[in-house]
Amino acid sequence: MRKIISAKLISVFLCLLLSACGVKIQGIDLGRVFDAAGKVNDFGEKEEQEELVLGQDTIKSLLNNATIYPNQALQSYVNKVGYWLVKHTSRPGLPWRFMVLDDTSVNAFAAPGGYIAITRGMLASLNNEAELAGVLAHEIAHVVLHHHMNALQKKSKTGFLFDLAVIGAQVGNASTANAQGDLQGPDVSGVFDKAVNDLYYRGLDREDELKADKLGVILSAKAGYDPYAFVSVLQVIGSREGREEDDLQRFIRVHPSAETRLNSLESTFFLIDSYDLSNRVLAQRFRAYSKN
Amino acid sequence: MMCMIRFFTQGLVQVLLILLLSTFLPVWANQDAILLSNTPMLVEPSSKSPIVTQLSKDSPVILLKRKGGWYQVQTQDRQTGWLRMLKVRFLSEQESNDRSIAKILRETAIMPPASGVSTGVRGVSDEALNQGKEMSPIGLEQLENFVPVEEEVNEFAQEGKLKTQENVVLPGK
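Since the model is a prediction, treat every value here as computed from it, not as a measurement. (Residues numbered from 1 in each chain as written. Chains lettered and ligands numbered in written order. Predicted model: local features only at pLDDT ≥ 70, side-chain atom pairs only at ≥ 80, totals over all residues. Heavy atoms only, no water.)

1. Some remarks on the interface of chain B and chain A
Interface extent is often summarised as the accessible area lost during association of the parts. At the interface, 61 residues of chain B touch 73 residues of chain A. When the two sides are added together, the surface that chain B and chain A hide from each other amounts to roughly 5,900 Å², 61% of it contributed by carbon and sulfur. Linking chain B to chain A there are four salt bridges. Between A:Arg285 and B:Glu159 there is a salt bridge whose closest N-O contact spans 3.8 Å. Our enumeration of links across chain B and chain A arrives at twelve residue pairs in polar contact (both at pLDDT 80 or more). Residue assignment for the side of chain B that touches chain A shows that the elements contributing at least two residues are strand S7 (88–90), helix H4 (126–130) and helix H5 (150–159) of chain B. At six residues, H5(B) tops the list of elements feeding residues into the side of chain B that touches chain A. (Contact = heavy atoms within 4.5 Å. Buried area = accessible area lost by both parts, 1.4 Å probe. Salt bridge = Lys/Arg side-chain N within 4 Å of Asp/Glu carboxyl O. Polar contact = N/O pair within 3.5 Å; in protein donor to acceptor, adjacent residues only side chain to side chain. Helix = DSSP H or I, 4+ residues; strand = E, 2+ residues; numbered from the N terminus.)

2. Overview of the pairing of strand S6 (residues 80–84) of chain B
Remark: a regular strand shows side chains that alternate across the two faces of the sheet. Residue and element names in this part refer to chain B. With five bridges joining them, strand S5 (residues 70–75) and S6 adopt antiparallel strand pairing. Residue Gln-72 lies in a different strand from S6, and its bridge partner there is Trp-82. Between the antiparallel neighbours S5 and S6 lie four residues, among them Arg-78 with a positive phi of about 65°. (Pairing = 2+ DSSP bridges.)

3. Some details on the confidence of the model for chain A
All names here are of chain A. Chain-level statistics for chain A give a pLDDT mean of 76 and a share of 66% at 70 or above. Scored below 50 in pLDDT, residues 1–45 shows 64 contacts in the model against residues more than four places distant or in partner chains. Predicted confidence is poor over residues 175–186, with pLDDT under 50, and the contacts of this stretch with residues over four places away or in other chains come to 15 contacts. (pLDDT = per-residue confidence, 0-100.)

4. Quick look at the packing of aromatic side chains
Residue and element names in this part refer to chain A. Scanning the model with the defined rule gives eight aromatic pairs over all chains in all. Consider the rings of Tyr-83 and Phe-98, whose centres lie 5.9 Å apart with planes at 70°: the pair is edge-to-face. Separated by 15 residues along the polypeptide, Tyr-83 in helix H5 (residues 72–86) and Phe-98 in strand S3 (residues 97–101) bring together distant segments of the chain. Here Tyr-83 and Phe-98 have matching classes, each one buried. Summarising the aromatic geometry, the rings of Trp-96 and Phe-98 are spaced 6.2 Å apart at their centres and angled 15° between planes, so their arrangement reads as stacked. (Phe/Tyr/Trp six-rings, centres within 6.5 Å; stacked < 30°, edge-to-face > 60°. Buried < 20%, exposed > 50% of the residue type's maximum accessible area, 1.4 Å probe, protein only.)

What follows is the structure, encoded as structure tokens:
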């Protein structure tokens, strides 16, 4: 409680100081940013546009240490699978961007605003399009359910993380705009990058992961894919959890155990089993595009 | 001499066949697993199917194939039948090696070995992914180029015979 009051006091102080001084970093009125960021509740009602800005800066920060896999046919294919899935969500209008990263570790993640990344290590571990759809659907669910946005909001209650994220996002956004006479803000961007990396290093709440599993499985089924393909992915990952494998460590660190996830999916599959589904697997198409 | 050549040729064909089959086997084919609870093993992949036998918790099985939410399995007394996917846990490579029965079963299983590795993520090989790799770097701003228009998405779905399952309702929609 004392921490929150102190944080708010500092925020108000900075807000007054910065506004009074008219300090800007790359075209952003810091006084206004702090004023807006100080109201925690306002963040919960952020417009989609703000989510897009934050998402763009988040993905830029995450891609500092990764490159996009330079295989255009594969990128197109993954985007088609992704777009077929998002067509069935409550947020089909987001500017979704699916990308394969040139990274041999087994991982996939989402960023606010519709950015979904999957490593080629993860792709190499999959057997068919239904499994790919299952992995993408899980990440899509995080975006649909605003999980990363909510996580940032939660952090803002205990410190300045969200304030810095907003500033960082605006710095990123303003960097391309005319910023005549403004101060450079590498330190602010650096802190924002650290905040984003911190969130992605430790991962989302366990409950968010389980919710994304459930929505992802239902989304796969709705789009005509075999939803049990995702079970297969989790079972294979589960069999590797005890091993010291560098390529899976990041994935294991930020997700609940496969056993927990499979147990949690039981009720969802009870529901799925009540439907008469088409259950497409599409192993051949997956292989054709993957080999390209 | 002719006999030897024929024997050699037959052996070669068999090896090639096994290699070919193992290339297209899913990663879990021939996977060692154990049962998470007491479960009936069924004749068909359907909850209405007759029971082959009742299996107890921790029984070792080998996965042969998957159909929907079901795995076809082989038990240690070589019976085959179907189990619900969520009723099994895959064994790690270490666990597989520690369980001699599962090991023996694996060595004499109907399915060809999956590249000599019973567990581990295989799927599409890294080499396969590298084929056709175009070396020009792709920037974040270029991702827009891969976004398909709606017609392309619909055509892609049609090619794969993917159909929206109208009866499935997304939560909160």
